[in-house]
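Notes for the structure review
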Amino acid sequence: MTVEEITVKELSRIAEAVQASTTMAIDTLFKQMKAEGMDVIGFGAGEPDFNTPDAIKAAGIAAIEHNDTRYTPATGTLELRQAVCDRLQMDFGLTYAPNQVAVTNGAKHAVYAALRALINPGDEVILPAPFWVSYLELIKIMGGVPVVVSASEGEDFKISAEKLEAAITSKTKALILNNPSNPTGMVYTREELQALAKVCVKHEIYVVADEIYCNLLYDGASFTSFPTLGEDVKDLTLLINGVSKSYAMTGWRMGYVCTGAHIAKLIANYLSHSTGSPSAITQKAALAALTGPQDEVETMRQAFEARRDYIVKRMNQIPGVSCLKPQGAFYVMMNLEKLLGKTVHSVEIHSGDDFAKVFLEQGLVAVVPGAGFGAPNFVRWSYATSMENITAGLDRLGRFLEGI
Ligand code: PMP
Ligand code: GLU
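So, here's what we can say about the structure.

Some thoughts on the side chain of T224
Within the secondary structure layout, T224 lies in the loop between strand 6 (206-210) and helix 10 (231-236). Non-local contacts of T224, meaning those with residues more than four positions away in its chain, are made with N179, R190, L193, E211 and L229.

A look at the site of ligand 1
Surrounding ligand 1, one finds 13 residues, the nearest of these being N182, D210, Y213, S244 and K245. S244 is positioned such that a nitrogen or oxygen atom in its side chain is 2.6 Å from an oxygen atom of ligand 1. Within the complex, the protein chains bury 93% of what would otherwise be the 390 Å² of accessible surface of ligand 1. Its atoms largely coinciding with the cavity grid, ligand 1 occupies the largest pocket. Classifying every residue of the shell around ligand 1 by side-chain character gives five nonpolar, four polar and four charged.

So, the pairing of strand 5 (residues 172-178)
Two faces, one strand: in a regular strand the side chains alternate between the faces of the sheet. Burial analysis of strand 5 places seven of its seven residues in the buried class, the great majority of the element. Summarising the sheet, strand 3 (residues 124-129) and strand 5 pair through three bridges and their orientation is parallel. Bridge pairing in strand 5 places E124 opposite T172. Where strand 5 and strand 6 come together, five bridges link them in parallel fashion. Bridge pairing in strand 6 links L175 to V207.

Here we look at the pattern of salt bridges
According to the stated counting rule, one finds 21 salt bridges in the structure shown. With its nearest N and O atoms 3.3 Å apart, the salt bridge here joins K140 to E137. With K140 and E137 both in helix 7 (residues 133-141) and three residues apart, this pair spans about one turn of that helix. Given the relative accessible area of 30%, K140 is considered partly exposed. When its relative accessible area of 12% is taken as the criterion, E137 is described as buried.

Structural notes on the layout of surface pockets
Its boundaries defined by the atoms lining it, the largest pocket holds a volume of some 480 Å³. Lining the largest pocket are 26 residues, and of these M24, G46, K108, W132 and K245 sit closest to its centre. For the lining of the largest pocket, the leading source of residues is helix 3 (residues 22-35), giving four residues. Taken together, the residues that form the lining of the largest pocket break down as 10 nonpolar, eight polar and eight charged.

Side note on empty space enclosed by the protein
Counted by the stated rule, this structure contains one cavity of 30 Å³ or more. What the largest cavity holds in volume is close to 100 Å³. L127, P128, P130, F131, Y135, F157, I176, L177, N178, S181, N182 and Y188 are the residues that line the largest cavity. For the lining of the largest cavity, the secondary structure elements donating two or more residues are strand 3 and strand 5. The element best represented in the lining of the largest cavity is strand 5, accounting for three residues. Each residue belonging to the lining of the largest cavity can be placed in one class, and the counts come to nine nonpolar, three polar and no charged.

A word on the site of ligand 2
Taken together, S21, T23, M24, A45, G46, K108, W132, N182, K245, Y331 and R380 make up all the residues around ligand 2. K108 has a polar side-chain atom sitting 2.9 Å from an oxygen atom of ligand 2. With respect to ligand 2, the side chain of K245 contributes an N or O atom lying 3.3 Å from a nitrogen atom. Spatially, ligand 2 is embedded in the largest pocket.

Calculation rules
Residues numbered from 1 in each chain as written. Chains lettered and ligands numbered in written order. Predicted model: local features only at pLDDT ≥ 70, side-chain atom pairs only at ≥ 80, totals over all residues. Heavy atoms only, no water. Helix = DSSP H or I, 4+ residues; strand = E, 2+ residues; numbered from the N terminus. Contact = heavy atoms within 4.5 Å. Near = heavy atom within 4 Å. Polar contact = N/O pair within 3.5 Å; in protein donor to acceptor, adjacent residues only side chain to side chain. Areas by Shrake-Rupley, 256 points an atom, 1.4 Å probe, with all protein chains shown as cover. 1 Å grid on protein atoms, 1.4 Å probe; cavity = no way out; pocket = protein on both sides within 12 Å on 5 of 7 lines; lining within 4 Å. Sits in = over half its atoms within 2 Å of the grid points. Nonpolar A, V, L, I, M, F, W, Y, C, P; charged D, E, K, R; others polar. Buried < 20%, exposed > 50% of the residue type's maximum accessible area, 1.4 Å probe, protein only. Pairing = 2+ DSSP bridges. Salt bridge = Lys/Arg side-chain N within 4 Å of Asp/Glu carboxyl O. Points joined across faces, edges and corners; volume = space filled by probe spheres on them.

As structure tokens, then:
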């Protein structure tokens, strides 16, 4: 049989429908341009530019030296799952038992595993927009139907309980709630979360609560972890978190999901046939991250806050663009509405895609177009990069838009 004959057969319809991650694509393109020697500055991928703290790296090295290099239980070692429980108890007063925790290969994989356990084909999943790119595709991968509920910049990019309720049908299975939000950096208040939670409890809707940015809050904003809102809320919650953002460990690949014991068991069964187990070495490093001193988390948070202050102030001084001041995560959404229909460096701008392309090719700055986040007239800047890069990037933006 020739290759041509084989490919005539229909491949997975679900796989064919999946779009590649825009955030990953921009990052790859940026790295490629950089490798080719181009003087490009990247604000694409949301990953801390800090190195993993030394004590965590040492724990990873020690794991290799002590031959902690074998399979572990599918959901991670008991000591790591206990450490996750202890961290959640200490930080938020949340009580989970180790059999309610599944450690996964990154938080993205935790979202994947959570949706695997919840979704039957045709189930609707409510997705507030702007949303992180992967949620939409993950819902589709599960055979679910994304129901996008948009929140405008005027609404601080946050959905209300009324909007949530209006989107619910008899097919609604779950809501994905990312707080603080990627890509907007917005943070829901306790009252706003309570109002959303009330609707979810009333309609018995599961909530995939992605709190990966829980340690990155600014202006003294307080964070409410969704399952703390009541036992009935906790019963419906699949809490997602991980070490990637808080401890600058994106490449180690460790995330987790905490939920009721039955759902956790379904996830465990699925993991046992897919990943087998998370990396044993990474688990030892993550254990050190969760149980060790937390002062580096705060040091990095402060650096992000200073960068946010700078980027927001300068962006709002540049004619033609603007942004809200986010209270969390490390992203800003730059509003391009005033540029729409205008010609920028010979290119007529109709969307964030047009802008991101010309800004990269001619301005040599990589930002992520908002279409993948459900916000076509915006581009996302990640300020998880050095102050030097941020200053140079904004200088370039100012020059790029001069006279427009
Ligand atoms: N959730 C959100 C909201 C994110 O921004 C990210 C960033 N990649 C993830 C999950 C996934 O994190 P991880 O790198 O641990 O897979
Ligand atoms: N979450 C980060 C981002 O939004 C990393 C890339 C990804 O996993 O999508 O840029």
